[in-house]
Amino acid sequence: MSHGRGGVIREREAASPDYGVVAKALHWLIVILLIVQYTVAWTMPEIHRGTQPETLINLHMSLGITVLVAALIRLIWRLIRPVPLINDNVPLWRQWAARGSHGLMYLILFALPLLGWVAASGRDWAIDFWGANLPRLIAAAPQLAGAIGDYHTLLSYILLGIIGLHLLAALYHHFWLQDRVLLRMLPGRSELGR
Ligand code: HEM
Ligand code: HEM
């Protein structure tokens, strides 16, 4: 057992190691992609029956499918290299809140682009992925595409809500509880790191 402040800090750090560079890079890459993606989504033309994809809509599809790929890599990475939640004095309900919200975000990061992909397929669009054409997931079905598009939009707002709570939780940990939860996800080594 170590003594003194440094020792205590090192023990705490061993109990709650930083996320690795790959996990951090993927986390923040997805944050950046989503910021651009929502901006594009709110700027692109309204989509009605008969709308044909143009530059911004193609960009929306490419970015969204990139998010899907990044989320897949991230999930696989997480399975290979799991990072435990911090375990110093965190009540069980809060651990479950973290697990639940993280799980939900992963789920939506898959479901949201897939719903968009299905909606775009139903509209009989060419599915653009940075200039390449990906296969359509369903045959043309304009009415169904409209309904699925609505669910896609709704889910995108649900994701925004969860991200808002997630952001508040991170700030609460950092400024109120003053633990390492935010630090261990920030780029580079935290100030407590070696
Ligand atoms: C993380 C990924 C994604 C996010 C955050 C996202 C977000 C959004 C948002 C906010 C809207 C509503 C835009 C408005 O206000 O009118 C929208 C619409 C739409 N998105 Fe996405 N999207 C994503 C991925 C995709 C993908 C991968 C595709 C297709 C390959 C796609 C296809 C569509 C379509 C077709 C609409 C129009 C829906 C309709 O009104 O019928 N999206 N998206
Ligand atoms: C808005 C800025 C954001 C901040 C400050 C932030 C902060 C954090 C922090 C501190 C953690 C570590 C939590 C812990 O170890 O207990 C974390 C994990 C996580 N974040 Fe974020 N985050 C943000 C945005 C996002 C976004 C946009 C998403 C995806 C939609 C996301 C998805 C996740 C997931 C799934 C985890 C769990 C990581 C894992 O264990 O695999 N975060 N985030």
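Here, every reference points to the structure presented above.
What counts, and at which threshold
Residues numbered from 1 in each chain as written. Chains lettered and ligands numbered in written order. Predicted model: local features only at pLDDT ≥ 70, side-chain atom pairs only at ≥ 80, totals over all residues. Heavy atoms only, no water. Helix = DSSP H or I, 4+ residues; strand = E, 2+ residues; numbered from the N terminus. Buried < 20%, exposed > 50% of the residue type's maximum accessible area, 1.4 Å probe, protein only. Contact = heavy atoms within 4.5 Å. Phe/Tyr/Trp six-rings, centres within 6.5 Å; stacked < 30°, edge-to-face > 60°. Lys NZ or Arg CZ within 6 Å of the ring centre and 35° of its normal. Near = heavy atom within 4 Å. Polar contact = N/O pair within 3.5 Å; in protein donor to acceptor, adjacent residues only side chain to side chain. Nonpolar A, V, L, I, M, F, W, Y, C, P; charged D, E, K, R; others polar. 1 Å grid on protein atoms, 1.4 Å probe; cavity = no way out; pocket = protein on both sides within 12 Å on 5 of 7 lines; lining within 4 Å. Sits in = over half its atoms within 2 Å of the grid points.

Chemist: Explanation requested: the overall build of the protein chain in the structure shown.
Modeler: The helix and strand tally for the protein chain stands at 5 helices and 2 strands. Here the protein chain holds 194 residues, and 37% of them are scored as buried. A sequence separation of at least 24 residues applies to 68% of the contacts in the protein chain between residues at least 6 apart.

Chemist: Hey, could you run me through the packing of aromatic side chains in this one?
Modeler: To describe a pair of aromatic rings, you give the distance between the ring centres and the angle between the ring planes. Summed over all chains, the structure comprises 2 aromatic pairs. Seen in terms of ring centroids, Tyr38 and Trp42 are 5.4 Å apart; in terms of plane orientation they differ by 45°. Their pairing is tilted. Highlighted residues: Tyr38 and Trp42, both in helix α2 (residues 21–43), separated by 4 residues, approximately one helical turn. Taking the centre distance of 6.5 Å and the plane angle of 20° together, the rings of Trp42 and Tyr157 count as stacked. A residue pair is termed long-range when its members are at least 10 positions apart, and Trp42 in helix α2 and Tyr157 in helix α5 (residues 142–177) qualify at 115 residues. Each residue in the set Tyr38, Trp42 and Tyr157 is aromatic and connected to the rest through ring pairs, giving one cluster. Sitting above the plane of the Trp96 ring, Arg99 keeps its charged end 5.6 Å from the centroid.

Chemist: Where do I start with the site of ligand 1 in this structure?
Modeler: Around ligand 1 sit 22 residues, and of these Gln37, His60, Arg123, His152 and Ser156 come closest. One nitrogen or oxygen atom from the side chain of Arg123 is found 2.7 Å from an oxygen atom belonging to ligand 1. If you list the elements that add at least two residues to the shell around ligand 1, you get α2, α3 (55–80), α4 (92–122) and α5. Taken together, the residues of the shell around ligand 1 sort by class into 13 nonpolar, 8 polar and 1 charged.

Chemist: What am I meant to see in the site of ligand 2 here?
Modeler: The immediate surroundings of ligand 2 are formed by 20 residues, with His27, Arg78, Tyr106, His166 and Arg184 found nearest. Residue Arg78 places a side-chain N or O atom 2.5 Å away from an oxygen atom belonging to ligand 2. Take Arg184: an N or O atom from its side chain is 2.8 Å from an oxygen atom of ligand 2. Here ligand 2 occupies the largest pocket. Among the elements of the structure, α2, α3, α4 and α5 are those that each provide at least two residues to the shell around ligand 2. Grouping the amino acids of the shell around ligand 2 by side-chain chemistry returns 14 nonpolar, 3 polar and 3 charged.

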